[in-house]
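Below, each chain spelled out in residue letters.
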Amino acid sequence: MDIENPVSTFTEGTPFDPELVNRFMSKFGHGGFLNMEYSQHGEDWVELAIDWRDDLVGDPGTGVMASAVVISLLDNATSMSIWQKRGAFVPQVTMDLRLDYLRPSPAGKRVYGRGICYHISRKIGFVRGIAHNGDLEDPLAYASGTFIRLEGWQS
Amino acid sequence: MNHFRDDLTALLPPYAQSLGMFVRHMDGTGPVIEMPFDQKIQGRPGFLHGGAISGLLEMAAIAAIHQALIARHGDAPIRQVNVTIDFMRGGLPQTSYAAGTIARMGRSMANVNARAWQGDPEKPIATAQMHYLIKSAQGG
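Along each chain, residues carry numbers from 1 onward, in the same order as the chain's sequence is written. As a convention, the first chain written is A and the first ligand written is 1, with the rest following in written order. In keeping with the predicted nature of the model, local features appear solely for residues at pLDDT of at least 70, side-chain atom pairs appear and are counted solely at 80 or more, and the whole-chain, interface and lining totals rest on all residues. Hydrogens and water molecules were not included; the side-chain quantities draw on all heavy atoms of the structure.

(A) Structural view of the environment of B:A60. Residues and elements named next belong to chain B. With respect to the helices, strands and loops of the structure, A60 is situated in helix α3 (residues 50-72). Three labels apply to residues, based on accessible area from a 1.4 Å probe with only protein chains included: buried if under 20% of the type maximum, exposed if over 50%, partly exposed otherwise in between. Here A60 falls in the buried class, since its relative accessible area comes to 0%. Between the alpha carbons of A60 and S96 there is a distance of 12 Å; along the sequence they are 36 residues apart. Once you skip the residues sitting within four places of it in the chain, A60 turns out to touch I33, A98, A99 and G100. Secondary structure counts use DSSP, requiring at least four H or I residues in a row for a helix and at least two E residues in a row for a strand, with both numbered from the N terminus. Contacts are assigned to residue pairs with any non-hydrogen atoms lying within 4.5 Å of each other.

(B) Up close: the interface of chain A and chain B. Residue-level contacts link 33 residues of chain A with 27 residues of chain B. By buried area we mean how much accessible surface two parts lose on assembly, using a 1.4 Å probe and totalling the loss over both. Each partner contributes to the roughly 2400 Å² buried at the junction of chain A and chain B, and carbon and sulfur atoms together form 58% of this total. Among the residues chain A hides against chain B, the three largest losses belong to A:H30, A:F33 and A:Y101. Together they make up 22% of the total. Basic side-chain nitrogens of Lys or Arg form a salt bridge, by our definition, when they fall within 4 Å of a carboxyl oxygen of Asp or Glu. Counting across the interface, chain A meets chain B through 0 salt bridges. Any N or O atom pair separated by 3.5 Å or less is treated as a polar contact, with the protein-specific requirement of one donor-capable and one acceptor-capable atom, and with residues adjacent in sequence counted only for side-chain atom pairs. Here chain A is connected to chain B by 15 residue pairs in polar contact (both at pLDDT 80 or more).

(C) Spatial organisation of the packing of aromatic side chains. Each Phe, Tyr or Trp ring, with Trp reduced to its six-membered ring, pairs with another whose centre is within 6.5 Å; inter-plane angles below 30 degrees give stacked pairs, above 60 give edge-to-face pairs, and intermediate values give tilted ones. As enumerated under the stated definition, the model contains 4 aromatic pairs over all chains in all. When the ring of B:Y97 is compared with that of B:W117, the centres are 6.1 Å apart and the planes differ by 25°; the resulting orientation is stacked. Taken together, the residues span a long stretch of sequence, with B:Y97 in strand β4 (residues 96-105) and B:W117 in strand β5 (residues 109-117) at a distance of 20 residues. For the pair B:Y97 and B:W117, a shared accessibility class is recorded, and that class is buried. In this structure an aromatic cluster arises from ring pairing among A:F16, A:W83 and A:F89. Whether a charge sits over a ring comes down to the Lys NZ or Arg CZ being within 6 Å of the ring centre and within 35 degrees of the ring normal. Its guanidinium or amino end placed over the ring of B:F47, B:R44 lies 3.9 Å from that ring's centre, counting from NZ or CZ.

(D) Region of interest: the pairing of strand β3 (residues 78-87) of chain B. By this definition, two strands are paired if DSSP reports at least two bridges between them. Alignment of strand β5 (residues 92-101) of chain A against β3(B), held across 5 bridges, turns out to be antiparallel. Counted as the bridge partner of A:D96 is B:D86 from β3(B). Taken together, the 9 bridges between β3(B) and strand β6 (residues 124-134) of chain B define a ladder with antiparallel strand orientation. The residue of β6(B) that forms the bridge with B:T84 is B:Q129.

If you want it as structure tokens, here you go:
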């Protein structure tokens, strides 16, 4: 895989390496703006992270991270968890996503988003997500959602 | 009305301002938020990132609640409990808009719906349902 070349990175059926793919995804666009970084992965999960920044604040009074940053983080992590479970890149888009915010992500704290793919059918990937500040036992948000595979998508 | 619009834009957090969002105008039901296209909000090549669209929907909801609170008894701090987003169409690299509708606003919580669109307001790119806690002066 050529990390400088998005076409080879995102070609249907390309063997999936979350760290390598994220290195590309965090270079451009929204992932680049948020500086989304690879954290770790398992068989059916991928964890990414975003550092706190003052331009990502959702409440200037407290400095907590904007909740939408957590959505972007979990959107990417859960999407990647499907490719991780499939073992290959397959073009797909988010169909729906739900987040429950247990608590805000405090000022200065790096936020981690772990996406877990618990089931895949031919067309649909079913995912859950957990956001935390370094301790998975102290989550700040839970997510659930579905992704739909794009047929005939040309890279 | 423009003064009120600027006041609501000032209520948008740093996150919204760094993505170029502002209150474009007030329509019959409430504030319309505009988000200009920028590389900063692009997802897969040629399309907006779902997280940025979600951010736009959340800002529309927040603006709608603050407007409703100001119209009722005066503004109050709010806290988001959850959000469910339906992504209906790919967001194209062009200007996006969103508006929130208060489905119900009680003493301590608000149910809000929001929709985002681009060229045609009748063709939403995404919709969302959200719940917010309204904090009272007594700390409730």
